[in-house]
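# Summary of structural features
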Amino acid sequence: MTEHEAAWPPEDIELALDHDSDIDSDSEEIYDAKGNLITDEYVRDAIGDVHRAIDEGRVPVPTSRPGRPSLIGESAHSPRVSFRLPEELRERARVRAEQEGKSVSALAREAFEQFLRAG
C-alpha cells in the first residue's frame with residue numbers, strides 16, 4: 001500500500017463493502033475498486049494511511065466528540081506540537097509506548113521534558 005499525498009480519501013481505496021463490491025462467492029475474497037485483494041495487511045496499511053493523513057494534517061480531525069482531557073485545565077485545550085520523523089523512529093516509539101502501557105504522545109511528552117530538564 002502506498003502513502004497518499006493527495007486529498008483524502010484517495011480514489012483508489014474503497015474501505016466500505018457495498019452492493020457494488022466484487023465478492024468471489026466461492027472463496028469469499030473481497031476486492032477493492034481497482035481489483036486488489038483486501039487482506040488483513042491491506043486493512044492495516046489503509047488504517048496506517050488514515051493515521052498518517054491525520055497526523056500530517058491532510059484530513060481534519062473530527063471535533064464533534066469531547067476528546068482527551070486537557071493537560072492544563074478543565075476549560076482549556078492543551079497546546080499541540082507536531083513534527084515529522086522517519087517511519088523507523090515512529091515504529092520504535094510505538095513499540096516502546098506499548099511496552100510501557102502508554103500512548104506515543106505520553107512517551108514523547110516525557111522524553112521532551114527530560115531533554116529540556118537536561119539543559
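In the block above lies the structure referred to throughout.
Residues numbered from 1 in each chain as written. Predicted model: local features only at pLDDT ≥ 70, side-chain atom pairs only at ≥ 80, totals over all residues. Heavy atoms only, no water.

## Some words on a nonpolar patch on the surface
- Where nonpolar side chains cluster on the molecular surface, the patch consists of Val 81, Phe 83, Leu 85 and Leu 89 and spans about 400 Å² of accessible area.
- Tracing the chain through its elements places Val 81 in the loop between α1 (40-55) and α2 (87-100). (Patch = residues over 30% accessible without salt bridge, like charges linked within 9 Å, V, L, I, M, F, W, Y side chains within 5 Å. Areas by Shrake-Rupley, 256 points an atom, 1.4 Å probe, with all protein chains shown as cover. Salt bridge = Lys/Arg side-chain N within 4 Å of Asp/Glu carboxyl O. Helix = DSSP H or I, 4+ residues; strand = E, 2+ residues; numbered from the N terminus.)

## Observations regarding the packing of α2 against helix α3 (residues 104-118)
- Look at α2 against α3: their axes get within 8 Å of each other, and the N-to-C directions meet at 100°. Here α2 is positioned roughly perpendicular relative to α3, judged by the angle of their axes. Facing α2, whose interface residues are Arg 90, Ala 93, Arg 94, Arg 96, Ala 97 and Glu 100, α3 presents Val 104, Leu 107 and Glu 110. (Axes fitted to C-alpha atoms, helices over the stretch in contact; angles between N-to-C directions. Parallel < 35°, antiparallel > 145°, perpendicular 65-115°, else oblique. Contact = heavy atoms within 4.5 Å.)

## Brief notes about the pattern of salt bridges
- This structure, assessed with the given rule, holds nine salt bridges.
- Ionic pairing is found between Arg 94 and Glu 98, a salt bridge with its closest N-O pair at 3.1 Å. Of this pair, Arg 94 and Glu 98 are both found in helix α2, four residues apart, which corresponds to roughly one turn of the helix.
- Judged by relative accessible area, which is 33%, Arg 94 ranks as partly exposed.
- By relative accessible area, Glu 98 is classed as exposed at 60%.
- Ionic pairing is found between Glu 113 and Arg 117, a salt bridge with its closest N-O pair at 3.6 Å. Of this pair, Glu 113 and Arg 117 both sit in helix α3, four residues apart, which is roughly one turn of that helix.
- Glu 113 gets classed as partly exposed once you look at its relative accessible area, which sits at 46%. (Buried < 20%, exposed > 50% of the residue type's maximum accessible area, 1.4 Å probe, protein only.)

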